[in-house]
Amino acid sequence: MTSARPDPYAAIVDDLSYSYEGVFPRESVQLAVDEARERLELVSTIPTYLPVLVAKDARERLTAAAQAQGRITKEVPELLFVCVHNAGRSQMAAALAERLSGGRVHVRSAGSQPTDEINPVVVQALAERGISLTEAYPKPLTDSVLRAADVIVTMGCGDACPIYTGRRYEDWSVADPHGADLDTVRDIRDDIQARVTALLRDVLD
């Protein structure tokens, strides 16, 4: 008689409950895991990796909520990049900022209307710079993520991003890579990289 396999999601809840002990009750952790699992099951193409993605997403959700509520302190500035689908521009900006900052900022990205997958041409253009998006996926724009950010950069999402006092806002006029060929996406990547470099210099000086 074979023993039942352990539930990986119960283990995720156990681990996160330990990590956030004194910050969130177990019920809040369970809700974050359930919401992450429900959303990622719709877009994950490799079921084997799903628990890893769920754990990462739930941790991000909990950390953003804790920062927004002042329950934990920030160690570095928080940057948030937002576009409509979180499949192109904001993903490129976040990946480039993470690479160029050398860990001196924490970066998130989100979409006002997130799609199911990242633009494969964007993935290819970033791979040319040695940046992998294998674990990245489109994420929704949430109130806690907005409130946790120190700098919010929007790209083509109009009025979908609420304004909170005490945050720095920038709106970048960057071409949309949706439907574009690789050469065009390379140009967009380079445009975003120049903007990210200038932003990091300003934020970190």
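Engineer: What is the right way to read the packing of aromatic side chains from this model?
Structural biologist: The relation between two aromatic rings is expressed through the spacing of the ring centres and the mutual angle of the planes. Tallying each qualifying case throughout the model produces two aromatic pairs. Centre to centre, the rings of Tyr20 and Phe24 are 6.3 Å apart; their planes meet at 45°, and the pair counts as tilted. The residues Tyr20 and Phe24 share a single accessibility class, namely buried. A ring pair is formed by Phe81 and Trp172, whose centres lie 5.9 Å apart and whose planes are at 50°; its orientation type is tilted. In this pair, Phe81 is assigned in strand 1 (residues 78–83) and Trp172 in the loop between strand 4 (168–171) and helix 7 (182–204), connecting sequence segments 91 residues apart. Of the residues examined, Phe81 reaches a relative accessible area of 0% and is grouped as buried. Across the ring face of Tyr9, the terminal group of Arg37 is positioned such that the distance to the ring centre comes to 3.8 Å.

Engineer: What am I meant to see in the side chain of Gln91 here?
Structural biologist: Relative to the helices and strands, Gln91 resides in helix 4 (residues 89–101). The exposure class assigned to Gln91 is buried, which follows from its relative accessible area of 3%. Of note is the side chain of Gln91, whose polar atom sits 3.1 Å from the backbone oxygen of Asn86. If we skip the residues at most four places from it in the chain, Gln91 touches Asn86, Ser109, Ile118, Leu133, Ala136, Tyr137, Pro138 and Lys139.

Engineer: Would you mind showing me how to read unusual backbone geometry here?
Structural biologist: A negative phi angle is the norm for most residues apart from glycine, just as the trans form is the norm for most peptide bonds. One non-glycine residue, Asn86, lies in the positive phi region at around 50°. Note on placement: Asn86 falls in the loop between strand 1 and helix 4.

Engineer: What is the right way to look at the nonpolar core in this model?
Structural biologist: Nonpolar side chains in soluble globular proteins tend to be buried together. Phe81, Leu126, Trp172, Ile192 and Val196 are the most contacted members of the largest nonpolar core, which has 30 residues in total. Of all the secondary-structure elements, those providing two or more residues to this core are strand 1, helix 4, helix 5 (120–127), strand 3 (151–155) and helix 7. The element that contributes the greatest number of residues to this core is helix 7, accounting for seven residues.

Engineer: Would you take a moment to explain the sheet that holds strand 1 for this structure?
Structural biologist: Each strand in a sheet pairs with its neighbour through backbone hydrogen bonds, running either in the same direction (parallel) or in the opposite one (antiparallel). Spatially, 2-1-3-4 is the arrangement adopted by the four strands of the open sheet, whose pairing is parallel. The open sheet has two free edges, formed respectively by strand 2 (106–111) and strand 4, since each of these has just one partner strand. Strand after strand, the sheet turns through a mean of 20° between neighbouring axes, direction not considered. The pairing of strand 1 with strand 2 spans six bridges and is classified as parallel. In the sheet register, Glu78 faces strand 2, and the bridge partner there is His106. Where helix 4 meets the sheet, it contacts strand 1, strand 2 and strand 3, and its direction lies at approximately 175° from that of strand 2.

Engineer: I keep staring at the pattern of salt bridges and nothing clicks. Help me out?
Structural biologist: Side-chain pairing between opposite charges can occur once the charged atoms of the two side chains come close. The tally for this structure, following the rule as stated, stands at 18 salt bridges. Between Glu78 and Arg108 there is a salt bridge, and its shortest N-O distance comes to 2.8 Å. With Glu78 in strand 1 and Arg108 in strand 2, this residue pair connects regions lying 30 residues apart in the sequence. Each member of the pair, Glu78 as well as Arg108, carries the same accessibility label: buried. A salt bridge links Glu128 to Arg189; the nearest nitrogen and oxygen atoms lie 3.1 Å apart. You can see Glu128 sitting in the loop between helix 5 and helix 6 (143–148) and its partner Arg189 sitting in helix 7, a full 61 residues away along the chain.

Engineer: How do you make sense of helix 5 when you look at a structure like this?
Structural biologist: Since the α-helix turns once every 3.6 residues, residues separated by three or four places project in the same direction. Listed in full, the buried residues belonging to helix 5 are Val122, Ala125 and Leu126. In a view along the axis of helix 5, the buried residues occupy a sector of 95°, so they form one face of it. If you check the start of helix 5, you find a side-chain oxygen 2.9 Å away from the backbone N of Val121, and it comes from Asn119.

Engineer: Just checking my understanding: could you explain the packing of helix 1 (residues 8–19) against helix 3 (residues 50–68) for this structure?
Structural biologist: Put simply, helix 1 and helix 3 touch, their axes get as near as 10 Å, and they point 30° apart. Between helix 1 and helix 3, the interaxial angle falls into the category roughly parallel. Considering the relative orientation of helix 1 and helix 3, their crossing is right-handed. Of the residues in helix 3, those in contact with Pro8, Tyr9, Ile12, Leu16 and Ser19 of helix 1 are Leu50, Pro51, Val54, Ala55, Ala58, Arg59 and Leu62. Among the residues forming the contact of helix 1 with helix 3, the class breakdown is 10 nonpolar, one polar and one charged.

About the thresholds
- Residues numbered from 1 in each chain as written.
- Predicted model: local features only at pLDDT ≥ 70, side-chain atom pairs only at ≥ 80, totals over all residues.
- Heavy atoms only, no water.
- Phe/Tyr/Trp six-rings, centres within 6.5 Å; stacked < 30°, edge-to-face > 60°.
- Buried < 20%, exposed > 50% of the residue type's maximum accessible area, 1.4 Å probe, protein only.
- Helix = DSSP H or I, 4+ residues; strand = E, 2+ residues; numbered from the N terminus.
- Lys NZ or Arg CZ within 6 Å of the ring centre and 35° of its normal.
- Polar contact = N/O pair within 3.5 Å; in protein donor to acceptor, adjacent residues only side chain to side chain.
- Contact = heavy atoms within 4.5 Å.
- Core = buried A, V, L, I, M, F, W, Y, C linked by side-chain atoms within 4.5 Å.
- Pairing = 2+ DSSP bridges.
- Axes fitted to C-alpha atoms, helices over the stretch in contact; angles between N-to-C directions.
- Salt bridge = Lys/Arg side-chain N within 4 Å of Asp/Glu carboxyl O.
- Arc of directions from axis to C-beta.
- Parallel < 35°, antiparallel > 145°, perpendicular 65-115°, else oblique.
- Left-handed = near helix turned anticlockwise from the far one by under 90°.
- Nonpolar A, V, L, I, M, F, W, Y, C, P; charged D, E, K, R; others polar.

In short, geometric facts, not functional conclusions.
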